[in-house]
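Take a look at the letters that make up each chain.
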Amino acid sequence: MKILTYPTKKFLKENDTKVFNVLQQEIRRQKEGIELIASENYVSNTVMDAMGSAFTNKYSEGIPYKRYYGGNQFIDIVESLAVERAKKLFNAEHVNVQPHSGNPANMSAYFALLEHGDTVLGMSLAHGGHLSHGLPINFSGRWYNFIGYTTKQDTGLIDMEEVYALAKKHKPKMILAGFSAYSRNIDWKAFKKIADEVGAITMADISHIAGLIAGKQLENPVPIFDVVTTTTHKTLRGPRGAMIMCKEQFAKVIDKAVFPGIQGGPHEHIIAAKAVAFKEALNPKFQQYAKNIINNAQALADALTKRGLNIVTGGTSNHLMLVDLRAKKVTGNIAEKALEKAEISVNKNLIPYDPEKPFVTSGIRLGTPALTTRGMKPKDMEIVAEFVNKVLDSIGNEKKIRSIAKEVKKYASKFPLFSF
Ligand code: DSN
């Protein structure tokens, strides 16, 4: 990716200095720091251009060429472009590009395919699932009867025997595969086989790995599953948003669930940016990018392991890893704060069978999509691992952490991000 030259925000500078100034601080943070949050990335200039555009001014409830407002002749073209590109990218029969983000995408899929109280088998949050996969205080856990499957204590891998046993026992209406913190491949076909045996609908949430699938590094569940949701801003490197892909037989119920079921007017400026991001992901160069993300993640996991840190499952097959911090006698929340002071962004994360509470945790989740966009290579992961390890060994020593922050900034400046 070329150095980013996001718009200079001339009008913001002239007319709203408070927002302008805080934006400058955020830009500085992104430039000077090391971004290891697995779900974050930097969008291209072209994606950014499409987002800050006149498409934001339009109301366009409905679907392309079937709207509830006049004046949508150009919106129809741009939204159809996004749909067609997404279909090609993921080999999908039907795509709805309107969901504002991951939660409403999942909510729409459930709203389309389930009744209140229906049983769904999904990955337990404590083992890597997402809050919209049945957390009791999320709408999903309150309105549907989610049963959580887990990972094995010895290997950290999804326990497919348990998935099968739970499916036989609970006869779920839907089986959901997907995660926000799991570093190994999902056996889509094994899930589908179990679902077929119990007559369940298959749903995948590929939010984290969509870019790795689009970049042909991981198996694509879209031809296998009934419904697949994804956000567009993680490994896929598009604008903040989401989409739903499904078999033609579910097209109508999915579209109706998104609007008028859950959402009102779609965000067409974001949809235009999704179209741009899909074009970028269709470029064969994106396959190399996806491959580099995984190579970097594996190099980072190896480098951390060499320094005595435990990686859940022993490594990674995708863009992320869960680091078990118990060997260092540090909790996730303390590590996250210390790393933040050293200009390294990570998030605390529960590890499987975590004895700590979700706001404390025994782990951190690290990922490489953003650093890969920035041009870092596996050899740089040695340096990044060394920074992380040094911070973990310096908890409580503010002076030392400040000096690591200086080194981090110096190192990050070798990978220029914005050119203004
Ligand atoms: N917040 C996202 C993540 O970090 O995985 C999921 O919603």
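As the structure is a prediction and not an experimental result, all values here were calculated from the model.

Enquirer: I keep staring at the nonpolar core and nothing clicks. Help me out?
Expert: Soluble globular proteins: nonpolar side chains tend toward being buried together. Counting 53 residues, the largest nonpolar core has Phe90 and Ile206 as its most contacted members. If sequence neighbours within four positions are ignored, Phe90 has contacts with Ile206, Ala210, Ile213, Ala214, Asn220, Val222, Pro223, Leu236, Met243 and Met245. Leu392, Ile404, Val408 and Phe415 belong to the second-largest nonpolar core, a separate cluster that totals 36 residues.

Enquirer: Mind showing me how you'd approach the packing of helix α7 (residues 160-170) against helix α8 (residues 188-198) here?
Expert: The geometry of a pair of packed helices is captured by two quantities: the angle between their axes and the separation between those axes. Relative orientation of the contacting elements α7 and α8 amounts to 15 degrees, with a least axis distance of 10 Å. Viewed along their axes, α7 and α8 adopt a mutual orientation that is roughly parallel. Considering the relative orientation of α7 and α8, their crossing is right-handed. Each of Met160, Val163, Tyr164, Ala167 and Lys168 in α7 lies in contact with α8, whose residues at this interface are Ala190, Phe191, Ile194, Glu197 and Val198.

Enquirer: Which parts of the structure should I look at to understand unusual backbone geometry?
Expert: A negative phi angle is the norm for most residues apart from glycine, just as the trans form is the norm for most peptide bonds. Residue Pro260 follows Phe259 across a cis peptide bond; omega there is 10 degrees. With respect to the element layout, Pro260 can be found in helix α10 (residues 251-262). At Thr313, a residue that is not glycine, the phi angle is positive and equals roughly 70 degrees. Looking at where Thr313 falls in the secondary structure, it is placed in the loop between β11 (310-311) and β12 (320-324).

Enquirer: How should I be thinking about the sheet that holds strand β9 (residues 227-231) in this particular structure?
Expert: Consider a sheet: its strands pair through backbone hydrogen bonds, and that pairing is either parallel or antiparallel. One open sheet holds the 7 strands; their spatial order is β4-β10-β9-β8-β7-β5-β6, and the pairing between them is mixed. Strands at the two margins of the open sheet, each flanked by one partner only, are β4 (94-96) and β6 (145-149). Across this sheet, the average inter-strand angle for adjacent strands is 20 degrees, counted without regard to direction. Pairing of β4 with strand β10 (residues 242-246) involves 3 bridges; the strand directions are antiparallel.

Enquirer: What should I look at first to understand the side chain of Lys234 in this one?
Expert: Here Lys234 is to be found in the loop between β9 and β10. No salt bridge is formed by the buried Lys234; the nearest opposite charge belongs to Asp205, separated by 6.7 Å. In this structure the side chain of Lys234 is engaged in a polar contact, spanning 2.9 Å, whose partner is the side chain of Thr231. In contact with Lys234, other than residues within four places in its own chain, are Ser39, Asn41, Ser207 and His208.

Enquirer: Help me understand α7, please; the structure alone is not making it clear to me.
Expert: In an α-helix, one turn spans 3.6 residues, which is why side chains three or four residues apart end up on the same side. Taken as a whole, α7 has its buried residues at Val163, Leu166 and Ala167. Buried residues of α7, viewed axially, fall in a sector of 100 degrees; they line one side. Turned more than 90 degrees away from the buried face of α7 sit Glu161 and Lys169, all of them exposed. Close packing links the buried residues of α7 with β5 (119-123), β6, β7 (174-178) and α8.

Enquirer: Looking at this structure, how should I read the pairing of strand β15 (residues 363-367)?
Expert: Buried residues dominate β15, accounting for 5 of its 5 residues. The pairing of β12 with β15 spans 5 bridges and is classified as antiparallel. For Met321, the partnering residue across the bridge sits in β15 and is Leu366.

Enquirer: Would you explain the site of the ligand in this entry?
Expert: Taken together, Ser39, His130, Ser180, His208, Lys234 and Arg365 make up all the residues around the ligand. Between the ligand and His208, the relevant distance is 2.7 Å, taken from an oxygen atom to a side-chain nitrogen or oxygen of the residue. Contact with the protein chains covers 61% of the free accessible surface of the ligand, which is 230 Å². Across the shell around the ligand, the residue classes break down as no nonpolar, 4 polar and 2 charged.

Enquirer: Help me understand the packing of helix α5 (residues 102-113) against α10, please; the structure alone is not making it clear to me.
Expert: In the contact formed by α5 and α10, the axes pass within 8 Å of each other and the chain directions differ by 115 degrees. Relative to α10, α5 is oriented roughly perpendicular. Here α5 runs over α10; the crossing is right-handed. Contacts between α5 and α10 involve Met107, Ser108, Ala109, Phe111, Ala112 and Leu113 from the first element and Val253, Ile254, Ala257, Val258, Gly261 and Ile262 from the second. Along the lines of polarity and charge, the residues of the contact of α5 with α10 split into 10 nonpolar, 2 polar and no charged.

Enquirer: When you look at the environment of Leu320 in this model, what are you seeing that I'm missing?
Expert: Position of Leu320 among the secondary structure elements: in strand β12. A residue is classified by how much of its surface remains accessible, and Leu320, at 0% relative accessible area, is buried. The contact partners of Leu320, leaving out residues within four places of it in the chain, are Ala38, Phe179, Ser180, Ala181, Tyr182, Ser183, His208, Ala297, Arg365, Leu366 and Gly367.

Enquirer: Explanation requested: helix α13 (residues 332-341) in the structure shown.
Expert: All of the buried residues in α13 are Gly332, Ala335, Glu336, Ala338 and Leu339. Those residues of α13 hidden inside the fold are in contact with β13 (344-345), β14 (347-349), β15, α15 (378-392) and α16 (398-412). Count one or two residues on from α13 and you reach Glu343, which has phi positive near 65 degrees.

How each quantity is defined
- Residues numbered from 1 in each chain as written.
- Predicted model: local features only at pLDDT ≥ 70, side-chain atom pairs only at ≥ 80, totals over all residues.
- Heavy atoms only, no water.
- Core = buried A, V, L, I, M, F, W, Y, C linked by side-chain atoms within 4.5 Å.
- Buried < 20%, exposed > 50% of the residue type's maximum accessible area, 1.4 Å probe, protein only.
- Contact = heavy atoms within 4.5 Å.
- Axes fitted to C-alpha atoms, helices over the stretch in contact; angles between N-to-C directions.
- Helix = DSSP H or I, 4+ residues; strand = E, 2+ residues; numbered from the N terminus.
- Parallel < 35°, antiparallel > 145°, perpendicular 65-115°, else oblique.
- Left-handed = near helix turned anticlockwise from the far one by under 90°.
- Pairing = 2+ DSSP bridges.
- Lys, Arg positive; Asp, Glu negative; His and termini not counted.
- Salt bridge = Lys/Arg side-chain N within 4 Å of Asp/Glu carboxyl O.
- Polar contact = N/O pair within 3.5 Å; in protein donor to acceptor, adjacent residues only side chain to side chain.
- Arc of directions from axis to C-beta.
- Near = heavy atom within 4 Å.
- Areas by Shrake-Rupley, 256 points an atom, 1.4 Å probe, with all protein chains shown as cover.
- Nonpolar A, V, L, I, M, F, W, Y, C, P; charged D, E, K, R; others polar.

Worth remembering: the numbers are spatial, not functional.
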